[in-house]
Amino acid sequence: MAIPLTPKLMRMKGTDDVAPRCIALQGEIGRQVGCCIYEHRPSPCHEFNPWAALGMVDAACDRARLRHGLRPLSELQKSELQAISKPA
Ligand code: SF4
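Please read all numbers here as calculations on a predicted model, not as lab measurements.

About the criteria used
Residues numbered from 1 in each chain as written. Predicted model: local features only at pLDDT ≥ 70, side-chain atom pairs only at ≥ 80, totals over all residues. Buried ≥ 20, exposed ≤ 12 C-beta atoms within 10 Å, placed from the backbone. Helix = DSSP H or I, 4+ residues; strand = E, 2+ residues; numbered from the N terminus. Near = placed C-beta within 6 Å. Nonpolar A, V, L, I, M, F, W, Y, C, P; charged D, E, K, R; others polar. Pairing = 2+ DSSP bridges. pLDDT = per-residue confidence, 0-100.

Trainee: Go over helix α2 (residues 59–67) with me, naming the residues and quoting the values.
Mentor: With respect to burial, α2 is a largely exposed element, only zero of its nine residues being buried. Looking one or two residues beyond α2, the residue adopting positive phi is G69, at roughly 75°.

Next up, the structure:
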């Protein structure tokens, strides 16, 4: 599931593709997705927070959403945010 970059650094397959999609992401983007290795996900995934520090929307998250035709998190209503934040 990962590609070695250096002796101590690896990258999840699919994350550096022209149309990035991590190999561990299962489901249909825009409907329901989940990480199939969530308990063992790599450190960058632990550190990524779509709400970033101070409750601000992470620009990288919005860019990823736009690539898949989804509205930026900053444009969603509170009820929509609650709906997409529920665990599957
Ligand atoms: S949390 Fe990390 S490993 Fe899991 S699908 Fe997302 S990018 Fe891939």
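Trainee: Report on the site of the ligand, specifying residues and quantitative values.
Mentor: Taken together, the neighbourhood of the ligand is formed by M12, C22, A24, L25, C35, I37, R41 and C45. Split into classes, the residues belonging to the shell around the ligand amount to seven nonpolar, no polar and one charged.

Trainee: Can you break down the environment of E75 residue by residue, with the values?
Mentor: Mapping E75 onto the fold places it in the loop between α2 and α3 (78–85). A sequence separation of 13 residues divides E75 from D62, and the C-alpha atoms of the two residues are 9.8 Å apart.

Trainee: I'd like to hear about the pairing of strand β2 (residues 9–12), residue by residue, with values.
Mentor: For strand β1 (residues 2–6) and β2, the ladder comprises four bridges, and the chain directions are antiparallel. Along β2, the bridge assignment pairs P4 with M10. Here β1 folds back onto β2, and the loop between the two strands holds two residues.

Trainee: How would you sum up the confidence of the model for the chain? Please name residues and give values.
Mentor: Looking at the chain as a whole, its pLDDT mean stands at 85, while 88% of the residues score no less than 70. Element-level pLDDT for the chain is lowest in α3, with a mean of 74, against a maximum mean of 96 in strand β3 (residues 25–28).

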